[in-house]
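# Results of the structural survey
These are the residues of each chain, in order.
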Amino acid sequence: MRFFSLLIAVAGLLCAAPSGAFAKINVFACTPEWAALSKEIGGDLVDVYTATTAHQDVHHMRAKPSLLAAMRKADLVFCSGASLESGWLPILLQKAGGPNVQQNTIGWLMASDFVQKLEVMEHVDRSMGHIHPEGNPHVHLNPHNIPVIAEVLSERLFLIDMNNADAYEANLSSFKSKWEKAIAEWEERGAALKGRNVVVYHKSWSYLTDWLGMNIVASLEPKPGLPPTTAHLESLLQSLKGKEIDAILIAPFENEDAALWLSERTDIPALHLPYTIGGSDNADTLKDVFDETLSMLTKATP
Amino acid sequence: MSNKLLLAASAVALLTTSPAFAAEDVNLESLHAEIQAMRQAYESKIEQLEQKVETLSAQQSQTAAQVTAIEPAAGENVPPATSKRRVSDNSFNPEIGVILQGKYQSFSETEGEFAGFAIGEEAERGQEGFGIDETELNFSASVDNLFRGSATIALHEHGGGTEVEIEEAYVETMALPHGLNAKAGRFFSELGYLNSHHAHADDFADRPLPNRAFLDGNYGDDGVQISAVLPTDFYSEIGGGVFRGNDFPGGGADGNDIGSWTAYGRVGGDMGDNASWRLGLSTLQVDGAERSANEGAVTFNGDSSLYIADARLTYAPTGNAKDQEIILQGEYFYRDEDGTYNDTDAGTGIVAYDDNQSGWYAQGVYKFHPQWRVGTRYSQLYAGGVPAGLAGSALDDEGHDPWAASAMIDWSNSEFSRVRAQFNREELSGDNEDNQIILQYIMSLGAHGAHPF
């Protein structure tokens, strides 16, 4: 029995090996962070398409033609999930997605399915604003989530392309050891941030603040998904008086006007954190994103 | 025995993968040892593989469980255990979405006839005063891993009455390879840009003139449509369908035959990070239609061929449409008809007709604030020449080309609500100067599907 399966495996290798160049795995990554992680684990064996940039609000994208063309080729769809991409991903999947990238297949990887989500809601109502009942989808900002997701990713790559299993495993373990070291360093630098208070634009930062033990005391949006109003900002201005707030956090895709307005009147610095790869000039890798975020936060909280 | 087989397989393996190796003096002993090593390596690999498949399937069922059994976040109010209990019959209920639409319309003219065109009832300008036209109820869900189904029931108002209409009821494939898709049932065909969209997704409170005159708002018929997204670096898609031929511009189909067919081709892509575009060509061919128009006064019998070219461009700084965006869109229509017209109001009798009409619209919408948009649109129709027998009938434009100009402003509190004000100036016939004011709300309850580009 064992031997028979061995024979099949050898035969399979024989068929695949002589052709030498196994076509690269096409990864359709919804956001730059998942694209970067795909390259870390897949190396040269994957071709990665990044559907959005750091300056685009993923929630407000459209199922535009270029995305359909990219989805047509995808062997693996790698996104955040938890409804973050619900405005466009279902259409891409229906129109251009192959049988191997449909929901509940090997080629469908939603990062938030594999980590402990924050802000999971039992009872939801649209009057609460734009909320995700499945939980907050911005999971990549807790660095402890990254290796968990990387492991799932390497398993998926392994199942899609078994010939290169060793490479994926090697990439995973070298990434993990690199990452563990980085986390230790970030946590050492970030220890002073514990208990500090910040104001955010949208709940894009929950995983970051949860990791660092910081508190989000207010959102510039009156309700999630609704743009800041003058009335809401005025009331924030009053309620924040006398409180010790270290920073207002803005993502690259968020309008900075409201944050600057509040910053001017309160002397709380408005921090343009990178949020993801490409979110600032120096944020070229996943590690850069956290390096820079930590530097900016620690600088703002002397 | 088994070793011999293995030896043979491995020999083939070595021969095919590295021919140079075969030339060497092969020592049987060492080869045997090597095969043993290979065998061990693969056995452990297979074990690993089995283990991974197991972990993965465990993970997946765990994920599924997580999705259904919502875990309370640590530290937050933990609901009583009973509230976690799921009624299994409900968990497979389809997604239900309701679009509530309401309008208040005011027109300065009492008539709104299109010079040179015989139109269907959805093409009319609607009724004055308050109304809940186009309120719709949608059910949709995955049928299984291969199919998805959707049904949309809509309210339509004409002639002072409200009709309940099955606007769409179709199944479509989810997981066909090679970018293929099939759709069957009743649905809005892929024709031009607007036709496949529901009215609630439009940027204006009414459809532009050519969509009203040539497609009666939407062409939605019973049939089958196949499409394929092609494996090109830029976006390209082709498709087509066959239909009963009963919806305007068809009509009178007895269902024994294929009454109409469609075909389309599209390309699209990005220009940098900021802009996206799409261009398309499509056709709708109706054979042997018996179409009734102008509230039954005009009948057309014959073949009708419609050709549409459409273009759409979106632009947003850094491609982030959340705060600011410009959308430009236009379609050109050309219709060639060969058959007979009979206008009973004008008493023309049955008159042979072989001519063409055309029309176009162009529109621009500017989102200048996350919640506010303004837009403007111009649409124009050109009726064809008419044979002498149809002079003075609805088909006679009497030297006037219908046109309409619109301006709108809308406010969306969230992505689920929109309130709009629109002003139209329509000059649809020679002595007609219709100033229209339309106030509208569009609200979405429950499931709200994603919108295409």
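Residues numbered from 1 in each chain as written. Chains lettered and ligands numbered in written order. Predicted model: local features only at pLDDT ≥ 70, side-chain atom pairs only at ≥ 80, totals over all residues.

### A word on the environment of R291 of chain B
All names here are of chain B.
- Summarising the element assignment, R291 is placed in strand 10 (residues 275–293).
- C-beta crowding within 10 Å serves as the criterion here: with 25 such atoms nearby, R291 is assigned to the buried category.
- Sequence separation between R291 and G120 is 171 residues; the distance between their C-alpha atoms is 9.0 Å.
- Here R291 is in contact with F248, P249, G250, G251, G252, T299 and F300, once residues within four sequence places are set aside. (Helix = DSSP H or I, 4+ residues; strand = E, 2+ residues; numbered from the N terminus. Buried ≥ 20, exposed ≤ 12 C-beta atoms within 10 Å, placed from the backbone. Contact = placed C-beta atoms within 7 Å.)

### Concerning the sheet that holds strand 1 (residues 25–29) of chain A
All names here are of chain A.
- Across the sheet, which stays open at both edges, the 4 strands sit in the order 2-1-3-4 with parallel pairing between neighbours. Looking along the sheet, the strands with just one partner apiece sit at the ends: strand 2 (46–50) and strand 4 (108–110). Taken over all neighbouring pairs, the strand axes of this sheet differ in orientation by 20° on average, direction set aside. (Pairing = 2+ DSSP bridges. Axes fitted to C-alpha atoms, helices over the stretch in contact; angles between N-to-C directions.)

### Things to note about the domain arrangement of chain B
- According to the domain assignment, chain B consists of domain 1 (2–54) and domain 2 (96–446).
- Relative to domain 2 of chain B, the C-alpha centre of domain 1 of chain B lies at a distance of 65 Å. (Domains from an automatic or database assignment.)

### A look at the pairing of strand 17 (residues 434–446) of chain B
Residues and elements named next belong to chain B.
- Judged from the 11 bridges that link them, strand 1 (residues 95–107) and strand 17 form a sheet pairing that is antiparallel. Bridge assignment links S106 to a residue of strand 17, and that residue is I437.
- The pairing of strand 16 (residues 417–427) with strand 17 spans 10 bridges and is antiparallel. Note that in strand 17 the partner of R420 across the bridge is Q440.
- From the end of strand 16 to the start of strand 17, which pair antiparallel, there are 6 residues.

### Quick look at the domain arrangement of chain A
Residues and elements named next belong to chain A.
- Partitioning chain A into domains gives domain 1 (23–184) and domain 2 (191–300).
- If you average the C-alpha positions of domain 1 and of domain 2, the two centres end up 25 Å apart.
- Opposite the 26 residues of domain 1 that make contact, domain 2 presents 24 residues.
- Those elements giving two or more residues to the side of domain 1 that touches domain 2 turn out to be helix 2 (32–42) and helix 5 (145–160).
- Across the side of domain 1 that touches domain 2, the residue classes break down as 12 nonpolar, 11 polar and 3 charged. (Nonpolar A, V, L, I, M, F, W, Y, C, P; charged D, E, K, R; others polar.)

### Remarks on the sheet that holds strand 8 (residues 270–272) of chain A
Residues and elements named next belong to chain A.
- The 4 strands are arranged 6-5-7-8 in an open sheet whose pairing can be described as parallel. Strands at the two margins of the open sheet, each flanked by one partner only, are strand 6 (215–219) and strand 8. In this sheet, neighbouring strand axes are inclined to one another by 35° on average, regardless of whether the strands run parallel or antiparallel.
- Bridge analysis of strand 5 (residues 197–200) against strand 6 gives 4 bridges, and the strand direction is parallel.

### Here we look at the packing of helix 6 (residues 165–190) of chain A against helix 10 (residues 286–300) of chain A
All names here are of chain A.
- Where helix 6 contacts helix 10, the axes come no closer than 10 Å and their chain directions differ by 10°. Viewed along their axes, helix 6 and helix 10 adopt a mutual orientation that is roughly parallel. Of helix 10, the residues touching helix 6 (which contributes A182, W186, R189 and G190) are K287, F290, L294 and T298. (Parallel < 35°, antiparallel > 145°, perpendicular 65-115°, else oblique.)

### Things to note about the nonpolar core
- By size, the foremost hydrophobic cluster in this structure holds 89 residues, and its most contacted members are F28, L76, F78 and L92 of chain A.
- Not counting the four nearest positions on each side in its chain, L92 of chain A is found in contact with A63, L67, L68, M71 and G97 of chain A.
- F188, A213, F214 and L306 of chain B belong to the second-largest nonpolar core, a separate cluster that totals 36 residues. (Core = buried A, V, L, I, M, F, W, Y, C linked by C-beta atoms within 7 Å.)

### Some thoughts on the packing of helix 8 (residues 230–240) of chain A against helix 9 (residues 257–266) of chain A
Residue and element names in this part refer to chain A.
- The contact between helix 8 and helix 9 brings their axes to 11 Å, and the two run at 35°. Where helix 8 crosses over helix 9, the two elements pack in a sense that is right-handed. Of helix 9, the residues touching helix 8 (which contributes L233, L236, L237 and L240) are A258, W261, L262, R265 and T266. (Left-handed = near helix turned anticlockwise from the far one by under 90°.)

### A few points about helix 2 of chain A
All names here are of chain A.
- Most of helix 2 sits out of view: 10 of its 11 residues are buried.
- If you check which residues of helix 2 are buried, you get P32, E33, W34, A35, A36, L37, S38, E40, I41 and G42.
- Buried positions along helix 2 lie against strand 1, strand 2, strand 3 (76–79), helix 5, helix 6 and helix 10.

### Side note on helix 5 of chain A
- Taking 1.5 Å of rise per residue, the 16 residues of helix 5 of chain A would be expected to cover 22 Å, and the 23 Å separating its terminal C-alpha atoms lies within 8% of that figure.
- For helix 5 of chain A, every residue scored as buried is listed here: I146, I149, A150, V152, L153, S154, E155, R156, L157, F158 and I160 of chain A. (Expected span 1.5 Å × (residues − 1).)

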